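Here is what each chain is made of, one letter per residue.
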Number of protein chains: 2
Amino acid sequence: MISDDLRDIVGERHCLTDTALRASYETDWTRRFSGSALAVVRPGSAKEVAAILRACVSAGVGVVPQGGNTGLVGGSVPRGGEVVLSLLRLNEVGNVDPDAGEVTVGAGATLASVQAAARAAGWEVGVDLGARDSATIGGMVATNAGGVNVLRHGPMRRQILGFEAVMADGTILRRLPGMPKDNTGYDLGALLAGSEGTLAVITQVRLRLVSRLAHRAVAVAGFENATLAVAAAARLRRELGSVLALELFTDAGMELVMRHASVAAPFSARRPAYLLIEAGSDERDPTDGLVAALEAFELGDAAVVASDPGGRHRLWQLRERHTEAVNAEGVPHKLDVSVPLARYAEMVDRAPVVVTAVDEGARTIVYGHVGDGNVHVNVLGPSADDEQVDDAVLELVLELGGSVSAEHGIGVAKVDWLVRDRGEDAVDAMRAIKAAWDPDGILNPGVLFRP
Amino acid sequence: MISDDLRDIVGERHCLTDTALRASYETDWTRRFSGSALAVVRPGSAKEVAAILRACVSAGVGVVPQGGNTGLVGGSVPRGGEVVLSLLRLNEVGNVDPDAGEVTVGAGATLASVQAAARAAGWEVGVDLGARDSATIGGMVATNAGGVNVLRHGPMRRQILGFEAVMADGTILRRLPGMPKDNTGYDLGALLAGSEGTLAVITQVRLRLVSRLAHRAVAVAGFENATLAVAAAARLRRELGSVLALELFTDAGMELVMRHASVAAPFSARRPAYLLIEAGSDERDPTDGLVAALEAFELGDAAVVASDPGGRHRLWQLRERHTEAVNAEGVPHKLDVSVPLARYAEMVDRAPVVVTAVDEGARTIVYGHVGDGNVHVNVLGPSADDEQVDDAVLELVLELGGSVSAEHGIGVAKVDWLVRDRGEDAVDAMRAIKAAWDPDGILNPGVLFRP
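Residues numbered from 1 in each chain as written. Chains lettered and ligands numbered in written order. Predicted model: local features only at pLDDT ≥ 70, side-chain atom pairs only at ≥ 80, totals over all residues. Heavy atoms only, no water.

Things to note about the environment of Ile137 of chain A
All names here are of chain A. Its location among the elements puts Ile137 in helix H5 (residues 137-142). You can call Ile137 buried: its relative accessible area is 0%. With 297 residues separating them along the chain, Ile137 and Lys434 place their C-alpha atoms 22 Å apart. Apart from the residues within four sequence positions on either side, Ile137 is in contact with Val105, Gly106, Ala107, Ala109, Leu111, Val114, Met156, Val205 and Leu207. (Helix = DSSP H or I, 4+ residues; strand = E, 2+ residues; numbered from the N terminus. Buried < 20%, exposed > 50% of the residue type's maximum accessible area, 1.4 Å probe, protein only. Contact = heavy atoms within 4.5 Å.)

If you want it as structure tokens, here you go:
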């Protein structure tokens, strides 16, 4: 009996088969995806992960690796009958190498805990995102998480110096600590990043850290339309070398944030589109440069800059609390896509239009990381299983030459869209790798590929 | 007959079977690796590449993709009887997108030609290296080339936004232009980067570009030993955010550069170890910050800073002309390795010792990118086919927990070392991918894996 085997491997306490105990592992935080697990196991080591995988191969049972469960595409909750493999106990954060700026962490360590360790040693993690208190490093690598600093430091794939991962047959691959320059064969770490638990289970990661910037400034600026905001973002990215983040949101989103998150407007003037710009430097205060750059856009009262931590935090709240504000209005359809920069404004403008065309009553809140083409489209109104609006938005993305998933991946939600976006040939090439590494198809079945 | 088929595909002019015409394609620039090709073909399109690969699969003939032939590990020259597939005709450089900072280029475009196009549009290529006039973008991606700016911008893998590549069965994978954030399945571009022509033939690449820095300063500083130089590098990397490059070389190397490349000493004092530091900013001159940072090391006369283009170029010559100066003394054994930063000085100090232990008369010139752990070990004296010194250096690398290839890859030269460095399990995992994509093993046979 597979649950007996699992219990033997991880111990009674860490093999959850009781319905009530399983529940929190079976539904993702958006409440949109859920399924019943055969059991939830919480291994305490890579060896236990290996034994679990071997047991599941023998029993022909699928395995769903799970970190902080903060994804949007249903990739970390069971579809029905799988074993959920929670990595949360592998949460050790190693010593930061203060000279090299590197740290080895367990897959289950939260981003916030690694950030704390990095900062204590005078460094910073290259990726930051709103779900930092829940999102785990393993999950962030598995989904190649992006966040607000991709423009400057790249996504999670770029932060990996080394890794430990367990293959479906129980083989433990380990390359720790790993070197910043290491050209010894295929970059298996880069392959695992974004593989969404379908190739191997990540158990440890060696991260490169980035310089902690001594000086930062944040601005919010209002524009008459998305086209002007995007053009300003492109110019700032090119001319202001200290730019760390370029975020766009609209007045509809700000309205919700003010209502549900009690955040004050940045200035009295209201504009259809806003840019949040963060600039940073470790040598001097970037405030003057940021102010000067913004003056060129002649925005009048619709711009504000903050250099003090409190003021910067308040401005960031306008952007970061979108998620929570949208959730307060209902269960949203959340689509995380990217388009070429030249089509970004068109995407922002047309997303609400294509949504309304298929569902008159739906409300669309758009925001995103304009610096790297990433748009988050949130749709309120349609029921959770109504995929019409999702399809309408993704059709638009393909029309604009974009990607159906920017940073959250394919999961189970976008499996058919993966084929439409990338084409049969590319998906076949991916499937060949999947088949080579996981011939029995036990790792996260239903994710990325239709079984 | 395979050569008739090839001639039909690319045309008479571009299928070279004559010994004299083939010669320059059959030996790499180090003169250490060479072999005889069945033919050299120079396709003009991805379709022709696909047809060539299909013909070679049918005939059971291996294919050696070749770019600028500037590698160090014999990965781009025939081992004997293969078809050399030169990508040099695919050298188109597309229009730079001035807002997004992106450009699509053919695999055969040289780095220098892409740099020229990027600069004309106000941008810069993220990777730079001494062989820029010969090295091609396709070869640089295939080997995941690094160079002097990896510290700041990452290696070639990090610059790829999209790609076009031809699989062994002639399938053309194409993802152009590609988005900075794109999580649609496995990152096939990241997998191809560093795959050394064993998985597919890269025909086009979409590159992200980076900001062109308006202000730069270069310093050279002398230290009493490698330990002090490496400690200074670590501190500069951490405290001076504007650092772009941190290069180390020794007095033995500088002596050769002065002799063969007619480059003047940076200052009259001679020291056992030197650091070259480049700092850059697009907002202000980094010279004062660099001078202030160097003063902390109390180097006396053994430091110089240049801010003007001519002065910066002269200082860079001290580092960049090492290759040429070493070659002027003989055919070197060139080992490109990396070690954790904490062992870098030990590597610099011990490399000459382990070399002399196996070959008393050998001379060892060490230099490298200390910012990212990369050490280039050049050994003069031993004959080309004497692998004793190579083995001694690579043993030392493994002892120090390093990587046997930092930026040039495995090629044919380090095939056995790949297994020793990464272990059987990791190499088996790589072989599984190779077998899935190239079941007949026609793509660069003998590279990465023993046939």
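Details of the sheet that holds strand S10 (residues 215-223) of chain B
Residues and elements named next belong to chain B. The strand order across the open sheet built from 7 strands is S13-S10-S12-S11-S15-S16-S14, with neighbouring strands paired in antiparallel fashion. At either margin of the open sheet sits one strand with a lone partner, and together these are strand S13 (303-306) and strand S14 (333-338). Here the strands of the sheet are splayed against their neighbours by 15 degrees on average, with no regard to which way each runs. Sheet topology note: the strand S11 (residues 243-250)/strand S12 (residues 273-281) ladder contains 7 bridges and is antiparallel. Across the sheet, the residue bridging to Leu248 is Leu275, located in S12. Docked against the sheet, helix H13 (residues 322-329) engages S11, S14, strand S15 (363-369) and strand S16 (374-380), running at close to 165 degrees with respect to S15. With respect to the sheet, helix H15 (residues 388-399) is in contact with S14 and S16, its orientation differing from that of S14 by roughly 10 degrees. (Pairing = 2+ DSSP bridges. Axes fitted to C-alpha atoms, helices over the stretch in contact; angles between N-to-C directions.)

Here's the deal with the nonpolar core
Nonpolar side chains in soluble globular proteins generally cluster together in the buried interior. Ranked by internal contacts, the top residues of the largest apolar core, which has 197 residues, are Met347 and Trp437 of chain A together with Met347 and Trp437 of chain B. Ignoring sequence-local partners within four residues, the contact set of Trp437 of chain B consists of Ala429, Ala432 and Ile433 of chain A together with Met167, Ala168, Leu173, Leu188, Leu191, Leu192, Leu199 and Ala200 of chain B. (Core = buried A, V, L, I, M, F, W, Y, C linked by side-chain atoms within 4.5 Å.)

A word on the relation of the copies chain B and chain A
Overlaying chain B with chain A gives an RMSD of 0.0 Å, the required rotation being 180 degrees about an axis along which the chain moves by 0.0 Å. On this basis, the relationship between the two copies can be described by a two-fold rotation axis. In this assembly the copies share their binding face: 100% of the residues contributing to the interface of chain B also contribute to that of chain A. (Least-squares fit on C-alpha atoms with pLDDT ≥ 70 in both.)

Section: the state of the cysteines
Joining two cysteines, a disulfide is a covalent bond between their sulfur atoms. All names here are of chain B. Under the defined criterion, the tally for this structure stands at 0 disulfides over all chains. No disulfide involves Cys56; its nearest neighbouring cysteine sulfur is the one of Cys15, lying 9.9 Å away. Overall, Cys56 belongs to the buried group, its relative accessible area being 0%. (Disulfide = S-S within 2.5 Å.)

Some thoughts on the side chain of Ser405 of chain B
As for its position among the elements, Ser405 of chain B is in the loop between H15 and helix H16 (415-422). At a separation of 2.6 Å, a polar atom in the side chain of Ser405 of chain B contacts the main-chain amide nitrogen of Gly409 of chain B. (Polar contact = N/O pair within 3.5 Å; in protein donor to acceptor, adjacent residues only side chain to side chain.)

Some words on the packing of aromatic side chains
Per the counting criterion, the structure on display carries 8 aromatic pairs over all chains. Taking the centre distance of 5.8 Å and the plane angle of 75 degrees together, the rings of Phe449 of chain A and Tyr186 of chain B count as edge-to-face. With Phe449 of chain A in the segment after helix H16 (424-437) and Tyr186 of chain B in the loop between strand S8 (172-175) and helix H8 (188-192), this pair bridges two chains. (Phe/Tyr/Trp six-rings, centres within 6.5 Å; stacked < 30°, edge-to-face > 60°.)

With respect to the interface of chain B and chain A
Each partner contributes residues to the interface: chain B has 81 residues there, and chain A has 81 residues. Area buried by chain B at its contact with chain A is led by Lys181, Asn183 and Tyr186 of chain B, which between them contribute 16% of it. Between the two partners, chain B and chain A, sit 8 salt bridges. Across the pair Asp421 of chain A and Arg175 of chain B runs a salt bridge whose closest N-O atoms are separated by 2.6 Å. Across the chain B-chain A interface, the total number found is 38 residue pairs in polar contact (both at pLDDT 80 or more). Elements with a contribution of two residues or more to the side of chain B that touches chain A: helix H6 (150-153), helix H7 (156-159), S8, H8, strand S9 (200-211), helix H9 (226-239), H16 and helix H17 (424-437) of chain B. No other element matches H17 of chain B, which puts 9 residues into the side of chain B that touches chain A. Class assignment of the residues belonging to the side of chain B that touches chain A gives a composition of 35 nonpolar, 26 polar and 20 charged. (Buried area = accessible area lost by both parts, 1.4 Å probe. Salt bridge = Lys/Arg side-chain N within 4 Å of Asp/Glu carboxyl O. Nonpolar A, V, L, I, M, F, W, Y, C, P; charged D, E, K, R; others polar.)

Side note on the pattern of salt bridges
Residues and elements named next belong to chain B. Applying the stated criterion across every chain, the model contains 58 salt bridges over all chains. Between Glu329 and Arg363 there is a salt bridge whose closest N-O contact spans 2.4 Å. With Glu329 in helix H13 and Arg363 in strand S15, this pair connects stretches of sequence that are 34 residues apart. Residue classification places Glu329 among the partly exposed residues on the basis of a relative accessible area of 25%. The partner of Arg450 in a salt bridge is Asp416, with the nearest N and O atoms 2.8 Å apart.

A look at empty space enclosed by the protein
Enumeration according to the criterion identifies 7 cavities of 30 Å³ or more in this entry. Roughly 60 Å³ of volume is contained in the second largest cavity. Every residue along the wall of the second largest cavity is listed here: Ala100, Glu102 and Pro180 of chain A together with Arg237, Val339, Pro340, Leu341, Val370, Gly371, Asp372 and Gly373 of chain B. Here the residues of the lining of the second largest cavity sort into 6 nonpolar, 2 polar and 3 charged. (1 Å grid on protein atoms, 1.4 Å probe; cavity = no way out; pocket = protein on both sides within 12 Å on 5 of 7 lines; lining within 4 Å. Points joined across faces, edges and corners; volume = space filled by probe spheres on them.)

What to know about the sheet that holds strand S3 (residues 63-66) of chain A
Residue and element names in this part refer to chain A. Pairing within the open sheet is mixed, and its 4 strands lie in the order S1-S2-S4-S3. At either margin of the open sheet sits one strand with a lone partner, and together these are strand S1 (15-16) and S3. As paired elements, S1 and strand S2 (residues 37-41) share 2 bridges and run antiparallel to each other. When the bridges of S2 are listed, Leu16 appears paired with Val40. In the packing of helix H3 (residues 46-59) onto the sheet, the strands contacted are S2, S3 and strand S4 (82-86), and the crossing angle to S4 comes to about 175 degrees.

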